[in-house]
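Chain and residue survey
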Amino acid sequence: KAGVTQTPRYLIKTRGQQVTLSCSPISGHRSVSWYQQTPGQGLQFLFEYFSETQRNKGNFPGRFSGRQFSNSRSEMNVSTLELGDSALYLCASSPWAGTEAFFGQGTRLTVV
Amino acid sequence: QQQVKQSPQSLIVQKGGISIINCAYENTAFDYFPWYQQFPGKGPALLIAIRPDVSEKKEGRFTISFNKSAKQFSLHIMDSQPGDSATYFCAASGLTGANNLFFGTGTRLTVIP
């Protein structure tokens, strides 16, 4: 069974630009969550989607948004990039609510 | 504020020894407590998880001990191996679903031969 796939693996963007990251969950999993990992703040929850609906949202500004498609694939968008958005963005998938979360390898975003 | 507190920040253990990492939480609504292992350049990998209805769970060399009254849980790695050298994260989540995880700050484990 293929794991969680995130694309691209690496991105370099300029301040002010916007970026879209993609996540394909494990086949059959309907829940996708996004996390930001930085050396200073650690792993922080961004949001969770289940059956194309956002169920939970972390404490991030509105520049961070996401969506989920009918095939459970998810995208995350960050607009008006700031230097502090440089981080490893991780996607996790779960079969149902209240079950184990499996992470992808992440997308390393660098904002210059 | 940090919902899950993890210690120590770093840990050095001899091969064959026991590695112990501790976590504490405040929110009594948490009902799912997983541990993740992360190698450099990789995403976190689920190691083992526990729910509050049991006090201990063992999978191979990894054991979670859970103390509900103290709101603490810990990971024990028996017979630690150099291949176990990684960063370990504890996490917790509540009734909204296991995917809204609150993570500890991580413990960098080094197992020396």
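Since the structure is predicted, the reported quantities are computational estimates derived from the model, not experimental observations. (Residues numbered from 1 in each chain as written. Chains lettered and ligands numbered in written order. Predicted model: local features only at pLDDT ≥ 70, side-chain atom pairs only at ≥ 80, totals over all residues. Heavy atoms only, no water.)

Observations regarding the overall build of chain B
For chain B, the count of helices and strands is zero helices and 11 strands. In terms of overall dimensions, chain B is globule-like: its C-alpha atoms have a radius of gyration of 13 Å, near the 13 Å expected for 113 residues. Counting only C-alpha atoms and orienting by the principal axes, one finds that chain B spans roughly 40 × 30 × 20 Å. Counting across all 113 residues of chain B, residues that qualify as buried make up 48%. When contacts within chain B are restricted to residue pairs at least 6 apart in sequence, those whose partners lie at least 24 apart make up 54%. (Helix = DSSP H or I, 4+ residues; strand = E, 2+ residues; numbered from the N terminus. Rg over C-alpha atoms; globule rule 2.2 N^0.38 Å. Buried < 20%, exposed > 50% of the residue type's maximum accessible area, 1.4 Å probe, protein only. Contact = heavy atoms within 4.5 Å.)

Some remarks on the pairing of strand β8 (residues 72-77) of chain B
Regular strands place side chains that alternate from one sheet face to the opposite one. Residue and element names in this part refer to chain B. Burial analysis of β8 places five of its six residues in the buried class, which makes it a mostly covered element. In this structure, strand β3 (residues 19-25) lies alongside β8, joined through six bridges in antiparallel fashion. The residue of β8 that forms the bridge with I20 is H76. Note: strand β7 (residues 62-67) against β8, six bridges, orientation antiparallel. Each residue of the ladder has a partner; that of T63, found in β8, is H76. Where β7 hands over to β8, the hairpin turn is made up of four residues, of which K71 adopts a positive phi near 55°. (Pairing = 2+ DSSP bridges.)

Details of the state of the cysteines
Residue and element names in this part refer to chain B. Evaluated as defined, the whole model comprises two disulfides over all chains. Here C23 connects covalently by a disulfide to C90, the sulfurs 1.9 Å from one another. Taking the sign of the S-S torsion, about -95° here, the bridge from C23 to C90 comes out left-handed. One end of the pair, C23, is in strand β3; the other, C90, is in strand β9 (residues 86-92), and 67 residues separate them in sequence. Judged by its relative accessible area of 3%, C23 falls in the buried class. (Disulfide = S-S within 2.5 Å.)

Observations regarding the packing of aromatic side chains
Scanning all chains against the criterion turns up 19 aromatic pairs over all chains. With 5.3 Å between their ring centres and 90° between their planes, A:F103 and B:Y36 make a pair best called edge-to-face. Residue A:F103 is found in strand β10 (residues 102-103), and its partner B:Y36 is found in strand β4 (residues 33-38); the two belong to separate chains. Accessibility assignment for this pair places A:F103 and B:Y36 in one class, buried. (Phe/Tyr/Trp six-rings, centres within 6.5 Å; stacked < 30°, edge-to-face > 60°.)

As for the interface of chain A and chain B
Contact residues are listed per partner, giving 21 residues for chain A and 17 residues for chain B. Overall, the association of chain A and chain B removes approximately 1,500 Å² of surface from exposure, summing both partners, and the carbon and sulfur fraction of that is 48%. Counting the contacts that link chain A with chain B gives zero salt bridges. For the pair chain A and chain B, the interface holds five residue pairs in polar contact (both at pLDDT 80 or more). At the level of secondary structure, the elements contributing two or more residues to the side of chain A that touches chain B comprise β4 (31-38), β5 (42-50), β6 (53-57), β9 (87-94) and β10 of chain A. (Buried area = accessible area lost by both parts, 1.4 Å probe. Salt bridge = Lys/Arg side-chain N within 4 Å of Asp/Glu carboxyl O. Polar contact = N/O pair within 3.5 Å; in protein donor to acceptor, adjacent residues only side chain to side chain.)

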